[in-house]
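Structural description and commentary
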Amino acid sequence: MKTILRRKDDTSICCPSINQHYTPFTVKTKVIGLTVACSLLAVGLLIMIMA
């Protein structure tokens, strides 16, 4: 789909939408980061409970 941008002088330009393609590498990096963050959060909560 194209996005139509209107200017103040009633002219318009069409901007083609850019499809964001997620490569498996970026998805894998996000999953690893999320796993590390959740595990650190769990370890922190466990330490606070035991203290």
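Nothing here was measured: the structure is a model prediction, and the numbers come from that model.

**A few points about the overall build of the chain**
Tallying secondary structure elements over the chain gives 1 helix and 2 strands in all. Its helices and strands taken in sequence order, the chain reads β-β-α from the N to the C terminus. In the chain, which comprises 51 residues, the proportion classed as buried is 0%. Carbon and sulfur atoms form 71% of the exposed surface of the chain, whose accessible area is close to 5,200 Å².

**Focus: the confidence of the model for the chain**
The predicted model of the chain averages 81 in pLDDT, with 65% of residues at 70 or higher. Here strand 1 (residues 2-6) stands out as the element of the chain with the lowest mean pLDDT, 64, in contrast to helix 1 (residues 24-50), whose mean of 93 is the highest.

**Observations concerning a nonpolar patch on the surface**
Residues Ile32, Val36 and Leu40 make up a contiguous nonpolar surface patch of about 300 Å² in total accessible area. Along the chain, Ile32 falls in helix 1.

What counts, and where the lines are drawn
- Residues numbered from 1 in each chain as written.
- Predicted model: local features only at pLDDT ≥ 70, side-chain atom pairs only at ≥ 80, totals over all residues.
- Heavy atoms only, no water.
- Helix = DSSP H or I, 4+ residues; strand = E, 2+ residues; numbered from the N terminus.
- Buried < 20%, exposed > 50% of the residue type's maximum accessible area, 1.4 Å probe, protein only.
- Areas by Shrake-Rupley, 256 points an atom, 1.4 Å probe, with all protein chains shown as cover.
- pLDDT = per-residue confidence, 0-100.
- Patch = residues over 30% accessible without salt bridge, like charges linked within 9 Å, V, L, I, M, F, W, Y side chains within 5 Å.
- Salt bridge = Lys/Arg side-chain N within 4 Å of Asp/Glu carboxyl O.

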